[in-house]
Amino acid sequence: MAHIKEYIPIVGRSIVDDLQLIADKLQGKTIQHINSTAVGGGVAEILNRMVPLLKELGVDTRWDVIKGGEQFFEITKKFHNALHGRPEIINQHDFDAFMETTQKNIEEVDISGNIVFVHDPQPIGLVKKKSGNKWIWRCHIDVSNPNQKVWKFLRGFIDQYDSAVFSAPSFSQHLPIRQFLISPSIDPLSDKNKELPQETIDEVLQKYGITKDKPILTQISRFDRLKDPLGVIEAYQQVKRHIDCQLILAGGAASDDPEGLRVLEEVKEKAKNDRDIHILLLPQNDIEVNALQRVATIIIQKSLKEGFGLTVSEALWKAKPVVASNVGGIPLQVKHKYSGLLCHSVDGAAFAIKQLLNSPEYAKKLGENGREHIRSNFLLTRHLRDYMLLFLSLYHGEDVVYL
């Protein structure tokens, strides 16, 4: 783990000094994060980097993970899809099974924080243990157009929290509690984002049989239908009719996403025998992800729905030209024609990819702009500051707090 002073060359000493000043005001408060998985997905990745830094700053912080079986995570995946507006069949049995697991976690999870920070729907019911402490519900997904049946069910819990946090303005809902807009972040010093020697990158390419003899299009994402890997293949196929290129679709699996392996099989079937399509189910190996992003000519994020899409920030931090869907939190990161190109369809993605492949200087400039945009807005130090100010705001009445 990097130490807080190691961020000074990246963001400046004043930023790091401010973090210490804010942290000092949280003395005597314990922060308890709770989510559904310790590995896989953006939430676990952020907490793995953030919790040690909070502790180093002197903020008493702990992180707990709820338990749930296969049925529970099948149901919460349906909730996830439905909240993104996808059609799902959800019945009373699903809600009852969700509550059964929730009740077990209520009985087993030790709530010890002055501030309890609950991430996403899976552990949302733990708020039943609220007793004189402060509770925050952090929504990392796109709920701009949620399935109303699921949203109404969750509202029964959300309304019991002190505050809710969303990643983009469009996700905000009518709630009786205070809401905050706080975007996620990447850690520039993590294995996934730090600079890599060329020999490390070459070793990863050799391992997966990837050559650099033609442009490389890359999407790094969980194998999830909402990431539209099949649409990425279609866009690649359109581009390949005009420009010889190759495609990397790479991603890991999260323990709370049982749908991933099914989607992976669909992707393999779509790719069939195209030897220029590399489908990689990666282990939890951030160095490999880093290498695959650094070798890419263009990085794609063609999500159909997206809470934020940290892979976009990762790509831009590496000064890569990005083609991404104009959904969820992505437009906060990609300013169209300044830090990347936004698209609305397979055809639009293919057109943007061809434009960048045919205009390498333009592509390079977008990547350079993107890196500075991420430095200013989406690094972990800004995220730490926002969260600590949020914690302090919980003890200062009902005043509006702008982060």
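This one's a predicted model, so the numbers in the text were calculated from it and none came from an experiment.

Enquirer: Quick question: what am I supposed to make of the packing of helix H13 (residues 346-358) against helix H14 (residues 360-377) here?
Expert: Helices that pack against each other are described as a pair by the angle of their axes relative to one another and the distance between those axes. With their axes 5 Å apart at the nearest point, H13 and H14 run at an angle of 105° to one another. It follows from the interaxial angle that H13 and H14 lie roughly perpendicular. Between H13 and H14, the residues in contact are Gln355, Leu356, Leu357 and Asn358 and Pro360, Tyr362, Ala363 and Leu366, respectively. Of the residues in the contact of H13 with H14, the class split is 6 nonpolar, 2 polar and no charged.

Enquirer: I keep staring at the pattern of salt bridges and nothing clicks. Help me out?
Expert: Opposite charge on two side chains permits them to pair, given that their charged atoms come into close proximity. Evaluation of the coordinates by the stated rule reveals 30 salt bridges. A salt bridge links Lys77 to Asp224, with the nearest nitrogen and oxygen atoms 2.7 Å apart. Of the two residues, Lys77 is situated in helix H4 (residues 70-83) and Asp224 in the loop between strand S7 (216-220) and helix H8 (229-240); the sequence distance between them amounts to 147 residues. With a relative accessible area of 1%, Asp224 lands in the buried category. Across the salt bridge formed by Lys77 and Glu259, the nearest N and O atoms sit 3.9 Å from each other. Taken as a pair, Lys77 in helix H4 and Glu259 in the loop between strand S8 (246-251) and helix H9 (260-271) lie far apart in primary sequence, 182 residues in all. Across the pair, exposure class does not vary: Lys77 and Glu259 are buried alike. Bridged by salt links that share partners, the residues Lys77, Arg222, Asp224, Arg225, Glu259 and Glu266 form one connected network.

Enquirer: I keep staring at the packing of H4 against helix H6 (residues 148-158) and nothing clicks. Help me out?
Expert: Where H4 meets H6, the axes come as close as 9 Å, and the angle between the chain directions of the two elements is 115°. Taken together, H4 and H6 sit at an angle that is classed as roughly perpendicular. Between H4 and H6 lies a crossing of left-handed hand. Contacts between H4 and H6 involve Phe79, Ala82 and Leu83 from the first element and Val150, Trp151, Phe153 and Leu154 from the second. Of the residues assigned to the contact of H4 with H6, the class counts are 7 nonpolar, no polar and no charged.

Enquirer: Help me out: how do you make sense of the pairing of strand S5 (residues 163-166) in this one?
Expert: Note on strand geometry: in a regular strand, side chains alternate between the two faces of the sheet. Because side chains alternate across S5, one face comprises the buried residues Ser163 and Val165, and the other comprises Ala164 and Phe166, equally buried. Here strand S4 (residues 134-138) runs beside S5; their pairing, made up of 3 bridges, is parallel. Residue pairing for S5: Trp137 is matched across the bridge by Ala164. Each parallel crossover has a hand, and the one from S4 via H6 to S5 is right-handed. With 4 bridges joining them, S5 and strand S6 (residues 178-181) adopt parallel strand pairing. Bridge pairing in S6 places Val165 opposite Phe180.

Enquirer: When you look at the sheet that holds S7 in this model, what are you seeing that I'm missing?
Expert: The strands making up a sheet associate through backbone hydrogen bonding, with each pair oriented either parallel or antiparallel. The strand order S9-S8-S7-S10-S11-S12 describes an open sheet built from 6 strands, whose pairing is parallel. Every interior strand has two partners, whereas the edge strands, strand S9 (277-281) and strand S12 (341-343), have only one. Averaged over all neighbouring strand pairs, the angle between strand axes comes to 20°, with direction disregarded. Where strand S11 (residues 322-325) meets S12, 3 bridges bridge the pair, whose relative direction is parallel. Within the sheet, the bridge partner assigned to Ser325 lies in S12 and is Cys343.

Enquirer: How do you make sense of unusual backbone geometry when you look at a structure like this?
Expert: Most peptide bonds take the trans form, and the phi angle of most residues other than glycine is negative. We note that Asp120 has phi near 70°; this positive angle belongs to a residue other than glycine. Along the polypeptide, Asp120 turns up in the loop between strand S3 (115-119) and S4. Judged by its relative accessible area of 9%, Asp120 is buried. Look at Ala319: it is not a glycine, yet its phi comes out positive at around 60°. By secondary structure assignment, the location of Ala319 is in the loop between helix H11 (310-317) and S11. By relative accessible area, which is 29% here, Ala319 ends up partly exposed.

Enquirer: When you look at the packing of aromatic side chains in this model, what are you seeing that I'm missing?
Expert: For any pair of aromatic rings, geometry is given as the distance between the ring centres together with the angle between the planes. For the structure on display, the rule yields 15 aromatic pairs. Between Phe79 and Phe98, the ring centres sit 5.3 Å apart and the planes meet at 45°, which makes this aromatic pair tilted. Placement of Phe79 in helix H4 and of Phe98 in helix H5 (residues 92-108) is noted, with a sequence separation of 19 residues between them. For the pair formed by Phe79 and Phe98, the shared burial category is buried. An angle of 80° between the planes, with centres 5.6 Å apart, marks the rings of Phe153 and Phe157 as edge-to-face. Here Phe157 and Phe153 lie together in helix H6, a separation of 4 residues that amounts to about one turn. Accessibility assignment for this pair places Phe153 and Phe157 in one class, buried.

Enquirer: Even after reading the chapter, I still don't get the sheet that holds S6, so can you show me in this structure?
Expert: An order of S2-S1-S3-S4-S5-S6 is seen for the 6 strands of this open sheet, with the pairing classed as parallel. With one partner strand each, in any of the chains shown, strand S2 (60-65) and S6 form the two edges of the open sheet. Recorded for the sheet is a direction-independent mean angle of 20° between the axes of neighbouring strands. One ladder, built from 5 bridges, connects S3 with S4; its direction is parallel. Looking at S4, one finds that Val116 is bridged to Trp135.

Enquirer: Can you walk me through the environment of Gly156 in this structure?
Expert: Tracing the sequence through the fold places Gly156 in helix H6. You can call Gly156 partly exposed: its relative accessible area is 44%. In this structure, the C-alpha to C-alpha distance between Gly156 and Lys212, residues 56 residues apart in sequence, is 53 Å.

About the thresholds
- Residues numbered from 1 in each chain as written.
- Predicted model: local features only at pLDDT ≥ 70, side-chain atom pairs only at ≥ 80, totals over all residues.
- Heavy atoms only, no water.
- Axes fitted to C-alpha atoms, helices over the stretch in contact; angles between N-to-C directions.
- Helix = DSSP H or I, 4+ residues; strand = E, 2+ residues; numbered from the N terminus.
- Parallel < 35°, antiparallel > 145°, perpendicular 65-115°, else oblique.
- Contact = heavy atoms within 4.5 Å.
- Nonpolar A, V, L, I, M, F, W, Y, C, P; charged D, E, K, R; others polar.
- Salt bridge = Lys/Arg side-chain N within 4 Å of Asp/Glu carboxyl O.
- Buried < 20%, exposed > 50% of the residue type's maximum accessible area, 1.4 Å probe, protein only.
- Left-handed = near helix turned anticlockwise from the far one by under 90°.
- Pairing = 2+ DSSP bridges.
- Right-handed = clockwise from strand over helix to strand, strands pointing away.
- Phe/Tyr/Trp six-rings, centres within 6.5 Å; stacked < 30°, edge-to-face > 60°.

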